[in-house]
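Examining the three-dimensional arrangement
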Amino acid sequence: MPSARSVPGIGRRLGSVTAHQVECSPTVDFLVFPDHPAGQALCRLLPAGPPAHLLRHPSGRPWIVGRWTADEAVTAEAGPRRAVLLGTASASPGALARLLPGPGHLDGVGERVRRIPGSYVLLTAAEGDLRCRGDLATVHPVHHARIGGITVAGNRPQDLAALARAAAGAHPPCGAPGTGLVDEESLALRLLFPFAPLPLALRPLWRSVLAVPPGHHLTLYANGRHSVARWWQPPEPDASLEQAAQTVRRALTDAVAARADRVRRAAHGAAGSGGTLSADLFGATDSAGLAFLAAREDVPLLTASWGCRHRGADTTGGARAAARPGAVPHQRERPAGRDGCRRSCPCDGEHLVLPYAEAPTWYTPPDDPGHPTPADPAAPLAAFHEAARLAHLARLLAAHGSRLHLAGVGADALFAHRPAALNSLARSDPRTAARRAWTAHHLCHWKARDTLRTLLGGCSYPRWLAGSAPRVAVTGPRTTGADWEVRAALPPWTHPDAVAVVRRLLREAAARAPEPFAPLRSPHETVRAAVRAGESVRGIAALASAYGIGYEAPFLDDAVIEAALTLRLADRTRAGVHAPLLTRALRGIVPGAVLSRGTTVGHDAEARTGLRTHRDALAALCDDSLLAERGLIRPGVLKHHLTSPQPSPHTADPTLATEYWLRAHDPGRTPAPEVPGPALSVPARRPRPAARN
């Protein structure tokens, strides 16, 4: 792990971020057991480890075994009903307890708890039935597996897999052959660029471990069985731009307030630990909006932006405009510190301009001696290309006292223009859709056939999924508005056997007639993009947690996603204004000079430079590739791509990320679940007083 010496100039501040802290930094992880005798037996198989939390059923058997900090959990009880929120939730135990009584059994509880802002897993229990529900963007996912004759749930698939292997070793035979081992068919799906279609993208990397689809919940019964049912439906897109903007503003304000509330709870709950909230301030609308909303909260705020990329050049104009004195009331410049970071101070916080030249470049290998990068045991990093930079940023923010960091991830998924909106609009207002498509045809240089297909093309979601199987090894044609999701393709170095496997899995998935998020393509693609952003956030959060920082994406809260989906399609397809809904929602909060900058900054030049810089180290993977050993890729073709004079960035990202993940988490030495057994470190059950309102 990185040491203080690896970051010039701030050794003293990094003294608190030691290797020991990196290894032991707490993150939310849990396992849920039904009220069944087998649950007690399975808990005995969990290894000893750091102190854990244990919540029991009324029978005394284990219900939830896990690890989290005090600010990451809200628990409540009202009569026979109990609920736990794990993650970021703006609610007190009393407020949560007041939502438990009422009609609807567990469905009613879930519907009432939806009012609570934040991003979290909801775990409820009533009369022997258990309910596990993650968030829509899968920042907090739920998985399950049949182990020892019962269904066990958890948020980390690797913990379920390890428990399944332990159970199979203790009581063979137990479960399907290979239960808990890495699934090579899932590895083949990970090669798809940019990512696999939704049903297959959710598939965990371990055999017999299943993911609960977004918008669905898992119910565990006392007899050890389970069921999965859909609970979420998209709102009607019938709000005007002004109405939707007000809804987005309220939802985003509540989302940021939930993070500030968590920082305050952390500061009160740990003696001697600070309560600082940090945020990106890179000059784009999304990050600036979060920073200015956070500035309204009564918590210390730390904002950060990258300095100049080259001597004599200024590439941070937007961030400077947002952070200049006067942009935020009472903000003032602070002279440069001893670590070389220049600061300005809004109220109780400060703004850091981070030295760009000292940061690792894109595509820095995770095992680079100068910038080693932690891995996410759950899955390959979706943000592999910039993982080293993100870990570097987390380390710097930790050195300056950040407890929780806000990032604008997910804004593009919700607010960017998408061709699918034209296809959906054409179903109800073909004349307006044709005018907007004609404008996009000229502005975006679409081909005539793509424009016509965007307006008139399309089929059902299962048929679209089945149709993607034959073209999975073909690059192009480009994605149009008639597609339900971004078209995925396998890279040219994929082994023919792996191509055949992926095609078969696509056909099998289509044969199961999966249900899209919405009948129209536009809301489905928006939620699909949010799920992809949630996958990125999970990986980045794993990097940041190694340094004791929580990584939060308020744009991916359920309430914000639903607010964005209320905008009517005619307003969503307006050309000439980037992200008009977000711009309108943040008007009066963010300076106008920043609102006009959009939400994205191009990084193609950085990606190409980083790929050329590290081509030798990346190409060396081909000499002893674990993917090639499993017959999934042709290493010679991959090596030729990586060492070519102008390698194309991003195409190899899924392959490289999967290769490094496989090296870090070899199935022959995958660690056991990192939660302790109740008999080893958790006290016996005590009588629980009723929650006070």
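Parameters at a glance
- Residues numbered from 1 in each chain as written.
- Predicted model: local features only at pLDDT ≥ 70, side-chain atom pairs only at ≥ 80, totals over all residues.
- Heavy atoms only, no water.
- Helix = DSSP H or I, 4+ residues; strand = E, 2+ residues; numbered from the N terminus.
- Buried < 20%, exposed > 50% of the residue type's maximum accessible area, 1.4 Å probe, protein only.
- Contact = heavy atoms within 4.5 Å.
- Areas by Shrake-Rupley, 256 points an atom, 1.4 Å probe, with all protein chains shown as cover.
- Expected span 1.5 Å × (residues − 1).
- Phe/Tyr/Trp six-rings, centres within 6.5 Å; stacked < 30°, edge-to-face > 60°.
- Lys NZ or Arg CZ within 6 Å of the ring centre and 35° of its normal.
- Pairing = 2+ DSSP bridges.
- Axes fitted to C-alpha atoms, helices over the stretch in contact; angles between N-to-C directions.

Some thoughts on the overall build of the chain
Tallying secondary structure elements over the chain gives 28 helices and 19 strands in all. Buried positions account for 57% of the 693 residues belonging to the chain. Look at the contacts in the chain between residues 6 or more apart in sequence, and 71% of them connect residues 24 or more apart. With the model as given, the accessible surface of the chain reaches about 27,800 Å², and the carbon-plus-sulfur share is 55%.

A short note on helix α18 (residues 521–545)
Spanning 25 residues, α18 covers 36 Å between terminal C-alpha atoms, matching the ideal 36 Å at 1.5 Å per step. For α18, a buried count of 23 out of 25 residues is recorded, marking the element as mostly surrounded by other parts of the structure.

Section: the packing of aromatic side chains
One pass over the structure, following the stated rule, counts six aromatic pairs. Between the aromatic rings of Phe384 and Tyr660, the centroid separation amounts to 5.8 Å while the plane-to-plane angle is 25°, which identifies the pairing as stacked. Taken together, the positions of Phe384 in the loop between β17 (350–354) and α11 (387–399) and Tyr660 in helix α27 (residues 653–664) put the pair 276 residues apart, joining distant regions of the chain. The exposure class of Tyr660 is buried, given its relative accessible area of 11%. Within the aromatic cluster, the residues linked to one another by ring pairs are Tyr363, Phe384 and Tyr660. Across from the ring centre of Trp306, 4.4 Å away, lies the NZ or CZ of Arg389, which sits over that ring.

Digging into α27
Taking 1.5 Å as the rise per residue, α27 with 12 residues should run 16 Å; its terminal C-alpha atoms sit 16 Å apart, in good agreement. Among the 12 residues that make up α27, 10 are buried, leaving the element largely enclosed by the rest of the structure. For α27, the set of buried residues is Asp653, Pro654, Thr655, Leu656, Ala657, Thr658, Glu659, Tyr660, Trp661 and Leu662. Here the buried face of α27 lies against α6 (184–189), α24 (615–619), α25 (626–629) and α26 (635–642).

Regarding the sheet that holds strand β5 (residues 81–89)
Paired through backbone hydrogen bonds, the strands of a sheet run either parallel or antiparallel to each other. Pairing within the open sheet is antiparallel, and its six strands lie in the order β4-β5-β6-β7-β11-β12. Both outer strands of the open sheet, β4 (73–78) and β12 (226–230), are each paired with one neighbouring strand and no more. Neighbour-to-neighbour, the strand axes of the sheet open up by a mean angle of 15°, direction not taken into account. Packing of helix α4 (residues 105–113) onto the sheet brings it into contact with β5, β6 (118–126), β7 (129–133) and β11 (216–220), and relative to β6 it is tilted by some 155°.

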